[in-house]
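Residue-level structural notes
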Amino acid sequence: MMRPQSIIRFEQFYVASIVLGLLNTAINFSRFSGQMSTTGVPMTFMLVAMAIGLLINVLFLFFIARRASNIARWIFVAISALGLVGLLSWPKILATYGPAYFAVSVLATLLNYTAVAFLFRRDAVRWLRSKGQDGPVNTTIFE
């Protein structure tokens, strides 16, 4: 079965949020590295953490949008919901990194939660529950 429109939109919004986050990090990398050096955290730790974060995002994208994993959807939704707690730190982020970084972070967050919303549209739910199959699977076909 072809992927439904809601899954395609999820993928587009989620990729946009990932790319925007990466661009924001790249543009503000000197600020991050300066802050890391003052706290004593090695730069390699920051780079490894960023790489792991990117890998996790790509895995969610792959398993939800390409493999129709309903389990991955729910894990992604749970992690996104936990991310709402991070909204409490936004005043500190604004004060530390400035309005430009903050605005791009807000936009990336909005794109992420828009992507989440697409996972709950009727066509996406049906597609994920069926594991991407077009109707019931006939398992006797291979006997």
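A cluster of nonpolar side chains, namely Val15, Val19, Leu23 and Ile27, defines an oily patch on the protein surface of about 360 Å² accessible area. Along the chain, Val19 falls in helix H1 (residues 5-27).

With that out of the way, let us pick up the side chain of Thr25. Assignment of secondary structure puts Thr25 in helix H1. Taking the relative accessible area as the measure of exposure, Thr25 reaches 17% and is therefore buried. Those residues in contact with Thr25, other than ones at most four positions away along the chain, are Phe32 and Met50.

Before going further, it helps to spend a moment on the environment of Tyr113. Among the structural elements, Tyr113 can be located in helix H6 (residues 99-118). Residues Tyr113 and Phe32 lie 81 residues apart in sequence; the distance between their C-alpha atoms is 25 Å. Those residues in contact with Tyr113 that sit more than four places away from it in its chain are Ser80, Gly83 and Leu84.

Attention now moves to the packing of H1 against H6. H6 packs onto H1 with a crossing angle of 160° between their chain directions and a minimal axis gap of 8 Å. Classified by the interaxial angle, the pair formed by H1 and H6 is roughly antiparallel. Like other packed secondary-structure pairs, H1 and H6 cross with a definite hand, here left-handed. Contacts between H1 and H6 involve Ser6, Arg9, Phe10, Phe13, Tyr14, Ala16, Ser17, Leu20, Gly21 and Asn24 from the former and Tyr101, Val104, Ser105, Leu107, Ala108, Leu111, Asn112, Thr114, Ala115 and Phe118 from the latter. Counted by class, the contact of H1 with H6 contains 12 nonpolar, seven polar and one charged residues.

Within helix H7 (residues 122-129), burial applies to Ala124, Val125, Trp127 and Leu128. Projected down its long axis, H7 shows its buried positions confined to an angular sector of 165°, all on one face. Along H7, exposed side chains directed more than 90 degrees from the buried face belong to Arg122, Arg126 and Arg129. Positive phi appears at Lys131, one or two residues downstream of H7, with a value of about 60°.

What counts, and where the lines are drawn
Residues numbered from 1 in each chain as written. Predicted model: local features only at pLDDT ≥ 70, side-chain atom pairs only at ≥ 80, totals over all residues. Heavy atoms only, no water. Patch = residues over 30% accessible without salt bridge, like charges linked within 9 Å, V, L, I, M, F, W, Y side chains within 5 Å. Areas by Shrake-Rupley, 256 points an atom, 1.4 Å probe, with all protein chains shown as cover. Salt bridge = Lys/Arg side-chain N within 4 Å of Asp/Glu carboxyl O. Helix = DSSP H or I, 4+ residues; strand = E, 2+ residues; numbered from the N terminus. Buried < 20%, exposed > 50% of the residue type's maximum accessible area, 1.4 Å probe, protein only. Contact = heavy atoms within 4.5 Å. Axes fitted to C-alpha atoms, helices over the stretch in contact; angles between N-to-C directions. Parallel < 35°, antiparallel > 145°, perpendicular 65-115°, else oblique. Left-handed = near helix turned anticlockwise from the far one by under 90°. Nonpolar A, V, L, I, M, F, W, Y, C, P; charged D, E, K, R; others polar. Arc of directions from axis to C-beta.

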